[in-house]
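# Coordinates in review
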Amino acid sequence: MDRLRLFFYREGEHFEYPEDVRAAYGEPVRISLFHHDAARPDGFDTVSSPHEADFIVFPYELGPIICHRRTPFTRNFLEGLPYFAELEHKHVLFNFHDQGQPLCTRACIITDAPARSNRDDPFVYPYPHFPLKHVLAASPDHGFEAIRFDVSFVGTISDAVRLTLLESIQREKRLRHYLNAPMAPDWERSASYLHMANTARRQALERLYVGVMRRSWATLCPRGRAASSFRFFETLCMGRLPVHVSDEYVLPLAERINYAAFTLFVPEAEAPRAGELVHDWLAGKSLDERKAMCRQARQAWEEHLAPWRAQEIALDVLRRHRMVMPRGPARLVRMAPGALKAEAPRRQYPTGYFAGMALDDGRSWFTGAMLLLEGPRPDTVLVNNAVGEFPRAALNHLYHAGRGLPANACVVDLGCGAGVSSIVFANALLSRRRMNARVFCVDDWAGSELDGLRPNARHAGVEFMLHPLALNGAEAAELFRDGSVDLLFLNRGRGVADLEPWWDKLRPGGVIFGCCRLEEPEGVALRACAVQGGALWESNAALGLFRIRRPMPGALPGVDSKARSFGFA
């Protein structure tokens, strides 16, 4: 069998692991591509050049990064890897966690939780869960004389199908069953006894989990938050029969393992009838047939799915992927200059490229975790204790202005202060999957004022999208290419003098969006400047918001004498 040539990223040389993820989840988890036994040679060759490698491998599991910082940050993190832009198709990522969120990449993703959103993705490969230590220590168990139950379940009701399933089992009086779910207050971070804060209770449940499985012919293995369940593989490891309930999960190595020989597959729609189905399945097997099926389940696990098969499974995936992997950058992905003069070319993506990405960060300000109050000064807003220099009623209009920007938009927030307006634009862009967009936060922050922006951006889930420039407006403008800015936002207190250095930086058709008291000299001067430059001036006096659109080449000069509403009431 040919040996693959692999290039591995090295922390500290090629990337920096996010420190907040390390603090929350501990040291990063190395991928299971290496033998832990030094006496066993690896089945691949390590090369020093990514261009000579068959694959470029990120050495840590991405699960902790995705769970702590969410998918958009992780995608941006991958973009920062030194060889990702040029050789994305050669990259290999190990993505183990319950979210099942696609990363929208042409890299090879090896995951233990493929979800419906990426089930048919040709770059995603299923990988088994490996049983935890307390299960491995107790397995296998062929003491069938100790079996007391037909079917059992010890776990949490983390998905509606689980509740339906358990209720059906309870209704079936012909089944001997054991069902147990711990109380929700004992959980930490996820609906699993594995994350209980109370160590003694967790260990007691671990013993219960293993003990009940050993005393049951079959174990219910319904999907939970993810498309699959650890129970399925732990049941095989123990030498028992799984009842698999998930329409989404793609079992690993299905072309080699005859799962149907020892597994009952119940469609989710049939969960209300599960009790009857489980009874009929077991009742149709003699005692010797059940024992043989249990031994067959354990044998399949040992030969194909055990932890000591980890490298073999991963290398097999890579050999298969090498036959179908793309041979270069996607045709629809092109290189384009960044907004800053000193920038290397940046990637742009076609419309819909990120359509499958899950943006379910419940901690974001704009998906529920937002406390919105009137600000400490007239016509200001207080969002999660951060002051924004615009009226509360304007928040929605700023958001929709951001949603109308192109996929690779460049936004400059001039005088952003604590960053409320920057966060509004970033969330608006993310809501449209504008992953290639950026928001530059420009302010001549005094002293440690910049430290107010960073935690706000972090808590809102958009830190990766914001780029602070601690400069005055004119100094910052010098860094940008002409025609590179799609939207320039002028916070209150900014006027014609602040606008002047940025006019040429605005692309034709780009907009200047701002907040001021339109009847005061500042607002009058801005309107006069727009009229004189042949731009379109639109305003809403009630909100104190205005928009200036830079004319396209060849457009007729002049603006309407009456203020336009541009969607305002």
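What you see is a predicted model; the values in this text were computed from it and never measured.

With that settled, the discussion passes to the nonpolar core. Grouped together as the largest cluster of nonpolar side chains are 73 residues, with contacts concentrated most on Leu-6, Leu-33, Ile-110, Val-243, Phe-262 and Leu-318. The residues contacting Leu-318, other than those within four sequence positions of it, are Leu-4, Leu-6, Phe-55, Val-92, Cys-108 and Ile-110. With 69 residues, the next largest nonpolar core counts Phe-58, Ala-386, Val-424 and Phe-425 among its residues.

With that settled, consider the sheet that holds strand β14 (residues 372-374). With antiparallel pairing, the 3 strands of this open sheet are ordered in space as β14-β15-β16. Every interior strand has two partners, whereas the edge strands, β14 and β16 (386-388), have only one. Strand-to-strand twist of the sheet, defined as the mean angle between neighbouring strand axes without regard to direction, takes the value 30°.

Right, let's get into the sheet that holds strand β8 (residues 177-180). Within the open sheet, the 5 strands sit side by side as β8-β7-β9-β10-β11. Their pairing is parallel. The open sheet is flanked by β8 and β11 (264-265), the only strands paired with a single partner. Pairing geometry for strand β9 (residues 216-222) and strand β10 (residues 241-245), over 5 bridges, is parallel. From the neighbouring strand, Leu-220 faces β10, where its bridge partner is Val-243. On the sheet, helix α7 (residues 230-238) packs against β7 (149-154), β9 and β10 and is oriented at approximately 160° with respect to β9. Along the sheet face, helix α9 (residues 287-305) touches β7, β9 and β10 and points at about 50° away from the line of β9.

To continue, consider the pairing of β7. Across the 6 residues that make up β7, a large majority, 6, are buried. Examined bridge by bridge, β7 and β9 share 3 bridges and lie parallel to one another. Residue Val-151 lies in a different strand from β9, and its bridge partner there is Ala-218. Here β7 runs beside β8; their pairing, made up of 4 bridges, is parallel. Residue pairing in the sheet places Val-154 in a bridge with Asn-180 of β8. Taken together, β7, helix α5 (residues 160-171) and β8 form a β-α-β motif whose crossover is right-handed.

Right, let's talk about the packing of α7 against α9 for a bit. For any two helices packed against each other, the geometry comes down to the angle between their axes and how far apart the axes lie. Contact geometry for α7 and α9: axes closest at 6 Å, N-to-C directions at 110°. Between α7 and α9, the angle is such that the two are roughly perpendicular. Between α7 and α9 lies a crossing of left-handed hand. Contact residues: Phe-233, Leu-236 and Cys-237 in α7; Ala-297, Arg-298, Trp-301 and Leu-305 in α9. Counted by class, the contact of α7 with α9 contains 6 nonpolar, no polar and 1 charged residues.

Turning next to the packing of aromatic side chains. According to the stated counting rule, one finds 27 aromatic pairs in the structure shown. Look at Phe-15 and Phe-77: their rings are 6.3 Å apart centre to centre, the planes differ by 85°, and that puts the pair in the edge-to-face class. Of this pair, Phe-15 sits in the loop between β1 (4-8) and α1 (19-25) while Phe-77 sits in helix α2 (residues 63-79), and the two are 62 residues apart along the sequence. The same class applies to Phe-15 and to Phe-77, which are both buried. An aromatic cluster is present here, built from Phe-15, Tyr-17, Phe-58, Tyr-60, Phe-73, Phe-77 and Phe-464 joined pairwise through their rings. Directly above the ring of Phe-73 sits Arg-69, whose terminal nitrogen or CZ lies 3.9 Å from the centroid.

Quick look at α5 now. With 12 residues, α5 extends 17 Å from end C-alpha to end C-alpha; this agrees with the ideal 16 Å at 1.5 Å per step. Restricting attention to buried positions, one finds in α5 the residues Val-161, Arg-162, Leu-165, Leu-166, Ser-168 and Ile-169. Taken around the axis of α5, the buried residues stretch over an arc of 160°, which confines them to a single face. Those residues of α5 that are exposed and angled more than 90 degrees off the buried face are Ala-160 and Arg-171. Tucked into the core, α5 has its buried residues touching β7, β8, β9, α7, β10 and α8 (274-283).

So, on to the confidence of the model for the protein chain. For the protein chain, mean pLDDT is 84; residues scoring 70 or higher make up 87% of the total. A low-confidence stretch, residues 183-191 stays under pLDDT 50, and its non-local contacts, those more than four residues away or across chains, total 19 contacts. Counting interchain partners and residues more than four positions distant, the pLDDT-below-50 stretch residues 558-569 has 29 contacts.

A few words on the packing of α5 against α8. One can describe the packing of α5 onto α8 by two numbers: an axis separation of 7 Å at closest approach and a directional angle of 60°. Taken together, the axes of α5 and α8 are oblique relative to one another. Only Ala-274, Gly-275 and Val-278 of α8 make contact with α5, whose side of the interface consists of Leu-165, Ser-168 and Ile-169. Here the residues of the contact of α5 with α8 are counted per class, giving 4 nonpolar, 2 polar and no charged.

Once that is clear, we can look at the environment of His-68. Position of His-68 among the secondary structure elements: in helix α2. Accessibility expressed as a relative area gives 15% for His-68, which makes it buried. Expressed as a C-alpha distance, the spacing of His-68 and Val-21, which sit 47 residues apart in the sequence, is 6.3 Å. One polar contact links His-68 to Arg-458, side chain to side chain, over a distance of 3.2 Å.

Relative to the helices and strands, Asn-456 is located in helix α13 (residues 450-459). Beyond its immediate stretch of four places on either side in the chain, Asn-456 contacts Trp-365, Ala-386, Ala-418 and Ile-423.

Applying the stated criterion across every chain yields a total of 31 salt bridges. A salt bridge links Arg-69 to Glu-463; the nearest nitrogen and oxygen atoms lie 2.8 Å apart. In this pair, Arg-69 sits in helix α2 while Glu-463 sits in the loop between α13 and β19 (466-469), placing the two residues 394 residues apart along the sequence. Taking relative accessible area as the criterion, Glu-463 reaches 32% and is therefore assigned partly exposed. Between Glu-79 and Arg-75 there is a salt bridge, with the nearest N and O atoms lying 2.7 Å from each other. Here Glu-79 and its partner Arg-75 are both found in helix α2, 4 residues apart, which amounts to about one turn of the helix. Look at Glu-79 and you get partly exposed, because its relative accessible area is 25%. Salt bridges linked by common partners bring Glu-11, Glu-19, Arg-22 and Glu-27 together as one network.

What counts and how
- Residues numbered from 1 in each chain as written.
- Predicted model: local features only at pLDDT ≥ 70, side-chain atom pairs only at ≥ 80, totals over all residues.
- Heavy atoms only, no water.
- Core = buried A, V, L, I, M, F, W, Y, C linked by side-chain atoms within 4.5 Å.
- Buried < 20%, exposed > 50% of the residue type's maximum accessible area, 1.4 Å probe, protein only.
- Contact = heavy atoms within 4.5 Å.
- Pairing = 2+ DSSP bridges.
- Helix = DSSP H or I, 4+ residues; strand = E, 2+ residues; numbered from the N terminus.
- Axes fitted to C-alpha atoms, helices over the stretch in contact; angles between N-to-C directions.
- Right-handed = clockwise from strand over helix to strand, strands pointing away.
- Parallel < 35°, antiparallel > 145°, perpendicular 65-115°, else oblique.
- Left-handed = near helix turned anticlockwise from the far one by under 90°.
- Nonpolar A, V, L, I, M, F, W, Y, C, P; charged D, E, K, R; others polar.
- Phe/Tyr/Trp six-rings, centres within 6.5 Å; stacked < 30°, edge-to-face > 60°.
- Lys NZ or Arg CZ within 6 Å of the ring centre and 35° of its normal.
- Expected span 1.5 Å × (residues − 1).
- Arc of directions from axis to C-beta.
- pLDDT = per-residue confidence, 0-100.
- Polar contact = N/O pair within 3.5 Å; in protein donor to acceptor, adjacent residues only side chain to side chain.
- Salt bridge = Lys/Arg side-chain N within 4 Å of Asp/Glu carboxyl O.

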